Amino acid sequence: MNGTVQDNLSNTLTIENLSENTEVEVAFEPYAGFVIPTSDNGWTVSNVKRTPDDTTPVTEIRKNGTVTFTVAPVSGQYLTTLTVNGTNCLGTISNDGNENKLTVVNNQNGSYTITVANVTNNIALEATSMQFQTVREELTVPEVLKKKYADTDALKTALQIALRTQVDKVNASVPAANIQYYDIQLQYNDGTGWKPATEKHFPANGITVTIPYSELKSGLDSSYTYTVIHMFTSTMKNHEIGETEPITPVNGTDGISFTVNSLSPFAIGWYKNTAPMPGGGGGGGGAVAPTTYDVVIPSALANIVKADKTKAAAGDTVTLTVSDEGTLTVTDSNGKSVALTDLGSGKYTFKMPSSKVNVAFAASGETKPCDGGKDCPSAPFKDVDTGKWYHVSIDYVLTHSIMNGVSGTSFAPNSNLTRGVLIVVYANCDMYSPIYMGS
(Lines give C-alpha, C1' and ligand atoms only; values in the text may rest on other atoms or scores of the structure.)
Protein backbone atom coordinates (compact mmCIF):
# COMPACT_ATOMS: atom_id res chain seq x y z
CA MET A 1 0.00 0.00 0.00
CA ASN A 2 1.74 3.10 -1.36
CA GLY A 3 4.84 0.93 -1.65
CA THR A 4 4.76 -0.42 1.95
CA VAL A 5 4.28 -4.15 2.55
CA GLN A 6 1.37 -4.75 4.94
CA ASP A 7 1.52 -7.33 7.73
CA ASN A 8 -1.78 -8.80 6.62
CA LEU A 9 -2.48 -12.34 5.42
CA SER A 10 -6.25 -11.88 5.43
CA ASN A 11 -8.30 -11.59 2.23
CA THR A 12 -9.65 -8.32 3.65
CA LEU A 13 -7.63 -5.10 3.83
CA THR A 14 -9.05 -2.30 5.96
CA ILE A 15 -7.82 1.29 5.57
CA GLU A 16 -8.79 3.12 8.72
CA ASN A 17 -8.43 6.69 7.42
CA LEU A 18 -8.40 7.36 3.68
CA SER A 19 -6.98 10.89 3.43
CA GLU A 20 -5.18 10.70 0.08
CA ASN A 21 -5.04 8.76 -3.12
CA THR A 22 -3.85 5.28 -2.20
CA GLU A 23 -2.13 2.81 -4.52
CA VAL A 24 -2.77 -0.81 -3.54
CA GLU A 25 -0.80 -3.65 -5.09
CA VAL A 26 -1.85 -7.26 -4.41
CA ALA A 27 -0.03 -10.52 -5.11
CA PHE A 28 -1.85 -13.87 -5.08
CA GLU A 29 -0.65 -17.41 -4.48
CA PRO A 30 -2.35 -20.81 -4.41
CA TYR A 31 -3.84 -21.69 -1.01
CA ALA A 32 -1.69 -23.92 1.18
CA GLY A 33 -3.04 -25.06 4.56
CA PHE A 34 -1.69 -27.20 7.38
CA VAL A 35 -3.65 -29.42 9.76
CA ILE A 36 -4.30 -28.15 13.28
CA PRO A 37 -3.89 -30.85 15.98
CA THR A 38 -7.03 -32.38 17.46
CA SER A 39 -7.83 -34.31 20.65
CA ASP A 40 -6.55 -37.82 21.12
CA ASN A 41 -6.57 -40.59 23.70
CA GLY A 42 -5.94 -39.12 27.18
CA TRP A 43 -5.83 -35.43 26.19
CA THR A 44 -7.87 -32.71 24.50
CA VAL A 45 -7.23 -29.76 22.17
CA SER A 46 -9.53 -26.77 22.64
CA ASN A 47 -9.79 -22.97 22.36
CA VAL A 48 -8.33 -22.92 18.83
CA LYS A 49 -7.69 -19.43 17.44
CA ARG A 50 -6.43 -18.87 13.86
CA THR A 51 -4.83 -15.75 12.39
CA PRO A 52 -6.08 -15.20 9.74
CA ASP A 53 -9.37 -16.98 10.40
CA ASP A 54 -11.12 -16.39 7.07
CA THR A 55 -9.82 -19.43 5.22
CA THR A 56 -11.34 -22.86 4.83
CA PRO A 57 -11.31 -25.55 5.96
CA VAL A 58 -11.37 -24.32 9.58
CA THR A 59 -9.38 -27.39 10.65
CA GLU A 60 -6.31 -25.91 8.92
CA ILE A 61 -4.12 -22.87 9.33
CA ARG A 62 -2.98 -21.24 6.10
CA LYS A 63 0.71 -21.04 5.24
CA ASN A 64 2.61 -18.40 7.29
CA GLY A 65 -0.38 -17.98 9.58
CA THR A 66 -0.48 -18.22 13.39
CA VAL A 67 -2.52 -20.67 15.47
CA THR A 68 -3.09 -20.87 19.24
CA PHE A 69 -4.65 -23.83 21.08
CA THR A 70 -4.85 -25.35 24.59
CA VAL A 71 -3.80 -28.92 25.41
CA ALA A 72 -5.20 -30.48 28.59
CA PRO A 73 -5.31 -34.02 30.02
CA VAL A 74 -8.68 -35.70 30.41
CA SER A 75 -10.30 -35.49 33.83
CA GLY A 76 -8.42 -37.35 36.56
CA GLN A 77 -5.13 -37.54 34.65
CA TYR A 78 -1.93 -35.52 34.26
CA LEU A 79 0.21 -34.80 31.20
CA THR A 80 3.53 -36.62 31.39
CA THR A 81 4.88 -35.68 27.92
CA LEU A 82 3.95 -32.89 25.48
CA THR A 83 5.90 -32.06 22.31
CA VAL A 84 5.06 -29.84 19.33
CA ASN A 85 7.14 -30.28 16.18
CA GLY A 86 9.71 -32.16 18.27
CA THR A 87 10.02 -29.43 20.94
CA ASN A 88 9.38 -30.41 24.60
CA CYS A 89 6.65 -28.06 25.80
CA LEU A 90 6.96 -29.18 29.43
CA GLY A 91 10.50 -27.84 29.65
CA THR A 92 12.21 -24.57 28.77
CA ILE A 93 11.36 -23.37 25.26
CA SER A 94 14.02 -21.87 23.00
CA ASN A 95 13.01 -20.48 19.59
CA ASP A 96 16.57 -20.22 18.28
CA GLY A 97 16.84 -22.04 14.98
CA ASN A 98 13.18 -23.16 14.98
CA GLU A 99 11.34 -22.52 11.75
CA ASN A 100 8.01 -22.70 13.55
CA LYS A 101 8.16 -20.26 16.44
CA LEU A 102 6.65 -21.69 19.62
CA THR A 103 5.25 -19.93 22.65
CA VAL A 104 4.08 -22.07 25.57
CA VAL A 105 2.09 -20.88 28.59
CA ASN A 106 1.76 -23.15 31.63
CA ASN A 107 -1.76 -22.50 32.92
CA GLN A 108 -0.89 -24.01 36.32
CA ASN A 109 -3.93 -26.27 36.19
CA GLY A 110 -2.46 -29.15 34.23
CA SER A 111 -3.08 -27.54 30.80
CA TYR A 112 -0.80 -25.65 28.41
CA THR A 113 -1.64 -22.95 25.85
CA ILE A 114 0.59 -23.20 22.76
CA THR A 115 1.06 -20.65 19.97
CA VAL A 116 2.74 -21.64 16.69
CA ALA A 117 3.67 -18.66 14.47
CA ASN A 118 4.73 -18.62 10.79
CA VAL A 119 3.37 -22.09 10.16
CA THR A 120 5.05 -23.74 7.15
CA ASN A 121 4.19 -27.40 7.69
CA ASN A 122 1.76 -29.67 9.50
CA ILE A 123 1.88 -29.26 13.27
CA ALA A 124 3.02 -32.49 14.91
CA LEU A 125 1.58 -32.75 18.42
CA GLU A 126 2.50 -35.70 20.62
CA ALA A 127 1.29 -36.09 24.20
CA THR A 128 0.77 -38.73 26.85
CA SER A 129 -1.23 -38.57 30.04
CA MET A 130 -1.49 -40.87 32.99
CA GLN A 131 -3.73 -41.44 35.97
CA PHE A 132 -2.12 -40.76 39.34
CA GLN A 133 -3.12 -41.15 42.97
CA THR A 134 -1.47 -40.45 46.30
CA VAL A 135 -1.37 -42.99 49.11
CA ARG A 136 -0.89 -41.85 52.71
CA GLU A 137 0.85 -44.29 55.02
CA GLU A 138 2.33 -44.25 58.52
CA LEU A 139 5.61 -42.36 58.62
CA THR A 140 8.81 -44.41 58.37
CA VAL A 141 12.39 -43.37 57.70
CA PRO A 142 13.13 -43.43 53.92
CA GLU A 143 16.27 -45.33 52.93
CA VAL A 144 18.11 -42.15 51.86
CA LEU A 145 17.53 -40.57 55.31
CA LYS A 146 18.55 -43.52 57.50
CA LYS A 147 22.11 -42.25 57.93
CA LYS A 148 20.76 -39.00 59.33
CA TYR A 149 17.82 -40.29 61.38
CA ALA A 150 18.20 -43.45 63.43
CA ASP A 151 14.48 -44.04 63.86
CA THR A 152 11.03 -42.61 63.18
CA ASP A 153 11.01 -40.59 66.43
CA ALA A 154 14.17 -38.76 65.35
CA LEU A 155 12.61 -37.99 61.96
CA LYS A 156 9.40 -36.76 63.61
CA THR A 157 11.43 -34.52 65.93
CA ALA A 158 13.20 -32.91 62.93
CA LEU A 159 9.89 -32.32 61.15
CA GLN A 160 8.36 -30.95 64.35
CA ILE A 161 11.21 -28.47 64.83
CA ALA A 162 10.89 -27.26 61.22
CA LEU A 163 7.12 -26.83 61.61
CA ARG A 164 7.37 -24.91 64.87
CA THR A 165 10.10 -22.69 63.46
CA GLN A 166 7.70 -21.79 60.67
CA VAL A 167 4.68 -21.00 62.89
CA ASP A 168 6.89 -19.08 65.33
CA LYS A 169 7.21 -16.47 62.57
CA VAL A 170 3.56 -15.52 63.15
CA ASN A 171 3.82 -15.80 66.94
CA ALA A 172 1.69 -18.94 66.95
CA SER A 173 2.18 -22.24 68.75
CA VAL A 174 1.44 -25.82 67.75
CA PRO A 175 1.47 -28.51 70.48
CA ALA A 176 2.59 -32.03 69.63
CA ALA A 177 -1.03 -33.24 69.80
CA ASN A 178 -1.80 -30.93 66.85
CA ILE A 179 0.76 -32.45 64.47
CA GLN A 180 0.10 -35.35 62.11
CA TYR A 181 2.89 -37.18 60.24
CA TYR A 182 2.62 -38.91 56.87
CA ASP A 183 4.64 -40.88 54.38
CA ILE A 184 2.85 -39.83 51.17
CA GLN A 185 3.59 -42.02 48.15
CA LEU A 186 2.68 -41.50 44.47
CA GLN A 187 1.21 -44.26 42.31
CA TYR A 188 0.42 -44.28 38.58
CA ASN A 189 -1.86 -46.38 36.41
CA ASP A 190 -0.72 -47.15 32.88
CA GLY A 191 -3.77 -49.26 32.16
CA THR A 192 -2.44 -52.38 33.85
CA GLY A 193 -3.07 -51.36 37.47
CA TRP A 194 -1.56 -49.08 40.11
CA LYS A 195 2.24 -49.06 40.45
CA PRO A 196 4.73 -47.09 42.60
CA ALA A 197 5.87 -43.96 40.76
CA THR A 198 9.41 -42.61 40.53
CA GLU A 199 10.64 -39.10 39.75
CA LYS A 200 10.44 -39.77 35.99
CA HIS A 201 6.68 -40.33 36.31
CA PHE A 202 6.01 -37.18 38.31
CA PRO A 203 3.59 -34.78 36.57
CA ALA A 204 5.23 -31.62 35.26
CA ASN A 205 2.88 -29.37 37.22
CA GLY A 206 3.27 -31.39 40.40
CA ILE A 207 0.63 -33.43 42.17
CA THR A 208 -2.18 -32.08 44.33
CA VAL A 209 -2.62 -33.81 47.69
CA THR A 210 -5.96 -33.53 49.49
CA ILE A 211 -6.37 -34.60 53.12
CA PRO A 212 -9.78 -34.53 54.84
CA TYR A 213 -10.03 -32.58 58.10
CA SER A 214 -11.51 -35.65 59.79
CA GLU A 215 -8.40 -37.68 58.94
CA LEU A 216 -6.13 -35.17 60.66
CA LYS A 217 -8.26 -34.98 63.80
CA SER A 218 -11.91 -35.04 64.72
CA GLY A 219 -13.49 -31.59 64.97
CA LEU A 220 -11.18 -29.75 62.58
CA ASP A 221 -12.51 -27.47 59.84
CA SER A 222 -11.51 -24.56 57.61
CA SER A 223 -11.43 -22.10 60.54
CA TYR A 224 -8.04 -23.46 61.63
CA THR A 225 -4.68 -22.38 60.24
CA TYR A 226 -2.67 -25.25 58.76
CA THR A 227 1.04 -25.52 58.00
CA VAL A 228 2.68 -28.29 55.97
CA ILE A 229 6.38 -29.24 56.18
CA HIS A 230 7.89 -31.43 53.47
CA MET A 231 11.32 -33.08 53.75
CA PHE A 232 13.27 -33.72 50.55
CA THR A 233 14.44 -37.24 49.74
CA SER A 234 16.25 -36.13 46.58
CA THR A 235 18.25 -33.07 45.54
CA MET A 236 15.91 -30.61 43.82
CA LYS A 237 14.63 -27.01 43.93
CA ASN A 238 17.97 -25.88 45.45
CA HIS A 239 17.42 -28.22 48.42
CA GLU A 240 19.62 -31.09 49.55
CA ILE A 241 18.40 -34.45 50.84
CA GLY A 242 17.08 -34.02 54.39
CA GLU A 243 16.27 -30.32 54.05
CA THR A 244 12.71 -29.11 54.46
CA GLU A 245 10.32 -26.65 52.82
CA PRO A 246 7.17 -25.03 54.25
CA ILE A 247 3.96 -25.28 52.23
CA THR A 248 0.82 -23.21 52.78
CA PRO A 249 -2.20 -25.39 51.98
CA VAL A 250 -5.60 -24.29 50.73
CA ASN A 251 -8.48 -24.75 53.17
CA GLY A 252 -11.39 -26.40 51.38
CA THR A 253 -14.87 -27.33 52.50
CA ASP A 254 -13.91 -30.85 53.61
CA GLY A 255 -10.12 -30.75 53.89
CA ILE A 256 -6.81 -29.10 53.01
CA SER A 257 -5.02 -29.43 49.67
CA PHE A 258 -1.51 -28.55 48.51
CA THR A 259 0.57 -29.11 45.39
CA VAL A 260 4.06 -30.58 45.54
CA ASN A 261 6.75 -31.71 43.10
CA SER A 262 8.03 -34.57 45.24
CA LEU A 263 6.67 -36.72 48.04
CA SER A 264 7.61 -38.79 51.12
CA PRO A 265 7.92 -37.37 54.69
CA PHE A 266 5.38 -34.70 55.69
CA ALA A 267 4.28 -33.04 58.92
CA ILE A 268 0.99 -31.14 59.12
CA GLY A 269 0.24 -28.88 62.07
CA TRP A 270 -2.72 -26.69 62.94
CA TYR A 271 -3.79 -24.03 65.40
CA LYS A 272 -6.87 -21.89 65.94
CA ASN A 273 -6.90 -18.15 65.34
CA THR A 274 -9.04 -16.09 67.68
CA ALA A 275 -10.07 -12.47 67.60
CA PRO A 276 -7.97 -10.21 69.89
CA MET A 277 -9.56 -9.27 73.21
CA PRO A 278 -11.04 -5.73 73.40
CA GLY A 279 -8.44 -3.26 74.59
CA GLY A 280 -5.68 -5.81 74.10
CA GLY A 281 -2.25 -5.04 72.74
CA GLY A 282 -3.27 -6.26 69.30
CA GLY A 283 -0.45 -8.66 68.92
CA GLY A 284 0.60 -12.18 68.68
CA GLY A 285 -1.32 -13.64 65.77
CA GLY A 286 -4.25 -14.63 68.02
CA ALA A 287 -3.35 -18.33 68.31
CA VAL A 288 -4.83 -20.34 71.18
CA ALA A 289 -1.98 -21.34 73.48
CA PRO A 290 -1.77 -25.07 74.19
CA THR A 291 -2.02 -26.36 77.77
CA THR A 292 1.44 -26.76 79.25
CA TYR A 293 2.65 -28.63 82.32
CA ASP A 294 5.57 -28.06 84.70
CA VAL A 295 8.88 -29.87 84.48
CA VAL A 296 9.82 -29.94 88.18
CA ILE A 297 13.48 -30.27 89.11
CA PRO A 298 14.24 -29.95 92.88
CA SER A 299 16.48 -27.01 93.73
CA ALA A 300 19.01 -29.45 95.20
CA LEU A 301 19.55 -30.78 91.66
CA ALA A 302 19.78 -27.37 89.98
CA ASN A 303 23.51 -27.77 89.27
CA ILE A 304 23.25 -31.42 88.26
CA VAL A 305 20.14 -31.79 86.07
CA LYS A 306 19.01 -29.16 83.57
CA ALA A 307 15.98 -29.21 81.25
CA ASP A 308 15.68 -27.42 77.93
CA LYS A 309 12.24 -26.13 79.01
CA THR A 310 10.42 -25.57 82.29
CA LYS A 311 6.96 -26.13 80.78
CA ALA A 312 5.82 -28.34 77.91
CA ALA A 313 2.62 -29.39 76.17
CA ALA A 314 1.52 -33.02 76.10
CA GLY A 315 3.54 -34.92 73.50
CA ASP A 316 6.38 -32.39 73.40
CA THR A 317 9.94 -33.68 73.57
CA VAL A 318 11.84 -32.54 76.67
CA THR A 319 15.63 -32.87 76.86
CA LEU A 320 17.43 -33.34 80.19
CA THR A 321 21.19 -32.89 80.57
CA VAL A 322 22.91 -34.57 83.53
CA SER A 323 26.40 -33.52 84.63
CA ASP A 324 27.05 -36.39 87.05
CA GLU A 325 27.05 -40.18 87.03
CA GLY A 326 23.99 -41.76 88.54
CA THR A 327 20.34 -42.73 88.05
CA LEU A 328 17.85 -40.30 86.51
CA THR A 329 14.09 -40.84 86.90
CA VAL A 330 11.04 -38.91 85.70
CA THR A 331 7.53 -39.52 87.05
CA ASP A 332 4.14 -38.00 86.26
CA SER A 333 1.71 -36.51 88.79
CA ASN A 334 0.44 -40.01 89.64
CA GLY A 335 3.92 -41.31 90.37
CA LYS A 336 4.05 -43.36 87.16
CA SER A 337 7.48 -43.59 85.54
CA VAL A 338 7.95 -41.72 82.26
CA ALA A 339 10.12 -43.50 79.70
CA LEU A 340 13.53 -41.94 79.07
CA THR A 341 15.60 -42.19 75.89
CA ASP A 342 19.36 -42.15 76.50
CA LEU A 343 21.05 -40.07 73.77
CA GLY A 344 24.50 -40.49 75.30
CA SER A 345 26.87 -37.87 76.72
CA GLY A 346 24.53 -37.24 79.64
CA LYS A 347 21.52 -36.28 77.50
CA TYR A 348 18.08 -37.86 77.87
CA THR A 349 14.72 -37.12 76.26
CA PHE A 350 11.14 -37.98 77.15
CA LYS A 351 7.66 -37.25 75.83
CA MET A 352 5.71 -34.92 78.07
CA PRO A 353 2.57 -36.56 79.53
CA SER A 354 -0.68 -34.69 80.18
CA SER A 355 0.47 -33.66 83.65
CA LYS A 356 3.43 -32.14 85.43
CA VAL A 357 6.51 -34.34 85.85
CA ASN A 358 8.95 -34.68 88.72
CA VAL A 359 12.63 -35.21 87.99
CA ALA A 360 14.82 -37.08 90.47
CA PHE A 361 18.47 -38.10 90.42
CA ALA A 362 20.68 -40.29 92.61
CA ALA A 363 24.43 -40.15 92.18
CA SER A 364 26.25 -43.45 91.77
CA GLY A 365 26.40 -45.29 95.09
CA GLU A 366 23.38 -43.44 96.52
CA THR A 367 19.98 -44.92 97.17
CA LYS A 368 17.57 -44.75 94.26
CA PRO A 369 15.68 -41.42 94.49
CA CYS A 370 12.11 -41.45 95.72
CA ASP A 371 9.65 -41.25 92.83
CA GLY A 372 6.75 -40.00 94.95
CA GLY A 373 4.84 -43.26 94.46
CA LYS A 374 2.90 -45.38 96.93
CA ASP A 375 6.09 -46.38 98.81
CA CYS A 376 7.09 -42.76 99.39
CA PRO A 377 7.24 -41.89 103.13
CA SER A 378 5.40 -38.65 102.33
CA ALA A 379 2.59 -40.40 100.42
CA PRO A 380 0.03 -40.36 103.31
CA PHE A 381 0.27 -36.57 103.65
CA LYS A 382 -2.07 -34.93 101.12
CA ASP A 383 -0.51 -31.48 101.52
CA VAL A 384 3.02 -32.61 100.57
CA ASP A 385 3.90 -31.88 96.93
CA THR A 386 6.55 -34.47 96.04
CA GLY A 387 7.76 -32.21 93.26
CA LYS A 388 8.80 -29.47 95.70
CA TRP A 389 12.28 -28.88 97.07
CA TYR A 390 11.30 -30.08 100.55
CA HIS A 391 10.26 -33.62 99.43
CA VAL A 392 13.60 -35.32 100.18
CA SER A 393 13.90 -33.60 103.56
CA ILE A 394 10.38 -34.59 104.66
CA ASP A 395 11.08 -38.18 103.62
CA TYR A 396 14.19 -38.06 105.83
CA VAL A 397 12.53 -36.75 108.98
CA LEU A 398 9.62 -39.18 108.61
CA THR A 399 11.89 -42.18 108.00
CA HIS A 400 13.97 -41.31 111.08
CA SER A 401 10.94 -40.49 113.30
CA ILE A 402 12.18 -36.94 113.78
CA MET A 403 8.83 -35.46 112.72
CA ASN A 404 5.43 -37.12 112.35
CA GLY A 405 3.28 -34.39 110.82
CA VAL A 406 0.35 -32.59 112.41
CA SER A 407 -2.09 -35.43 111.62
CA GLY A 408 -2.22 -38.72 109.79
CA THR A 409 -2.89 -36.95 106.48
CA SER A 410 -1.37 -33.50 106.98
CA PHE A 411 2.27 -32.49 107.42
CA ALA A 412 1.81 -28.68 107.14
CA PRO A 413 5.05 -28.14 105.18
CA ASN A 414 4.36 -24.42 104.73
CA SER A 415 3.51 -23.66 108.39
CA ASN A 416 5.82 -21.73 110.71
CA LEU A 417 8.00 -23.76 113.08
CA THR A 418 7.25 -22.89 116.73
CA ARG A 419 9.88 -22.79 119.45
CA GLY A 420 8.30 -25.75 121.23
CA VAL A 421 8.27 -27.90 118.09
CA LEU A 422 11.89 -26.99 117.41
CA ILE A 423 12.89 -28.30 120.88
CA VAL A 424 11.08 -31.61 120.22
CA VAL A 425 12.67 -31.91 116.78
CA TYR A 426 16.09 -31.22 118.24
CA ALA A 427 15.59 -33.91 120.87
CA ASN A 428 14.42 -36.43 118.25
CA CYS A 429 17.24 -35.76 115.82
CA ASP A 430 20.08 -35.57 118.34
CA MET A 431 21.04 -39.16 117.66
CA TYR A 432 21.32 -38.38 113.96
CA SER A 433 23.43 -35.25 114.33
CA PRO A 434 24.59 -33.43 112.42
CA ILE A 435 21.34 -32.76 110.50
CA TYR A 436 20.77 -29.83 108.19
CA MET A 437 17.20 -28.68 107.80
CA GLY A 438 15.78 -26.13 105.48
CA SER A 439 13.64 -23.32 106.82
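Below or above, wherever it landed, is the structure these notes cover. (Residues numbered from 1 in each chain as written. Predicted model: local features only at pLDDT ≥ 70, side-chain atom pairs only at ≥ 80, totals over all residues. Heavy atoms only, no water.)

Considering the side chain of Asn178
Phase 1 of the analysis: Within the fold, Asn178 resides in the loop between α1 (152–168) and β10 (179–189).
Phase 2 of the analysis: Note on Asn178: relative accessible area 15%, which makes it buried.
Phase 3 of the analysis: Other than its neighbours up to four places away in sequence, Asn178 contacts Lys217, Ile268, Gly269 and Trp270. (Helix = DSSP H or I, 4+ residues; strand = E, 2+ residues; numbered from the N terminus. Buried < 20%, exposed > 50% of the residue type's maximum accessible area, 1.4 Å probe, protein only. Contact = heavy atoms within 4.5 Å.)

Details of the sheet that holds strand β4 (residues 66–73)
Phase 1 of the analysis: The strand order across the open sheet formed by four strands is β2-β4-β8-β7, and the pairing between neighbours is antiparallel. Single-partner strands in this sheet number two, and they are β2 (43–51) and β7 (101–106). Sheet twist, expressed as the mean angle between neighbouring strand axes with direction ignored, is 20°.
Phase 2 of the analysis: The pairing of β7 with strand β8 (residues 112–117) spans six bridges and is antiparallel. Its bridge partner lying in β8, Thr103 is registered against Thr115. (Pairing = 2+ DSSP bridges. Axes fitted to C-alpha atoms, helices over the stretch in contact; angles between N-to-C directions.)

Some thoughts on the pairing of strand β5 (residues 77–84)
Phase 1 of the analysis: Bridge count between β5 and strand β9 (residues 125–137): seven bridges; the pairing is antiparallel. What sits directly across from Leu82, in β9, is Ala127.
Phase 2 of the analysis: One ladder, built from two bridges, connects β5 with strand β6 (residues 87–88); its direction is antiparallel. Residue Thr83 lies in a different strand from β6, and its bridge partner there is Asn88.
Phase 3 of the analysis: The hairpin turn running from β5 into β6, its antiparallel successor, is two residues long, and Asn85 in that turn takes a positive phi close to 50°.

Examining the nonpolar core
Phase 1 of the analysis: Judged by nonpolar contacts, the single largest core of 24 residues is most densely connected at Leu216, Ile256, Phe258, Leu263 and Phe266.
Phase 2 of the analysis: Mapped onto this core, the elements with two or more residues apiece are β9, β10, β12 (207–212), α2 (213–216), β13 (224–231), β16 (255–260) and β17 (264–272).
Phase 3 of the analysis: Of the residues forming this core, the biggest block, four residues, is contributed by β10.
Phase 4 of the analysis: Contacts of Ile256, omitting those with residues within four sequence positions, involve Val209, Thr210, Ile211, Tyr213, Leu216, Tyr226, Val228, Pro249, Val250, Asn251 and Ile268.
Phase 5 of the analysis: In this structure, Val45, Leu82, Val84 and Leu102 belong to the second largest nonpolar core, which totals 20 residues. (Core = buried A, V, L, I, M, F, W, Y, C linked by side-chain atoms within 4.5 Å.)

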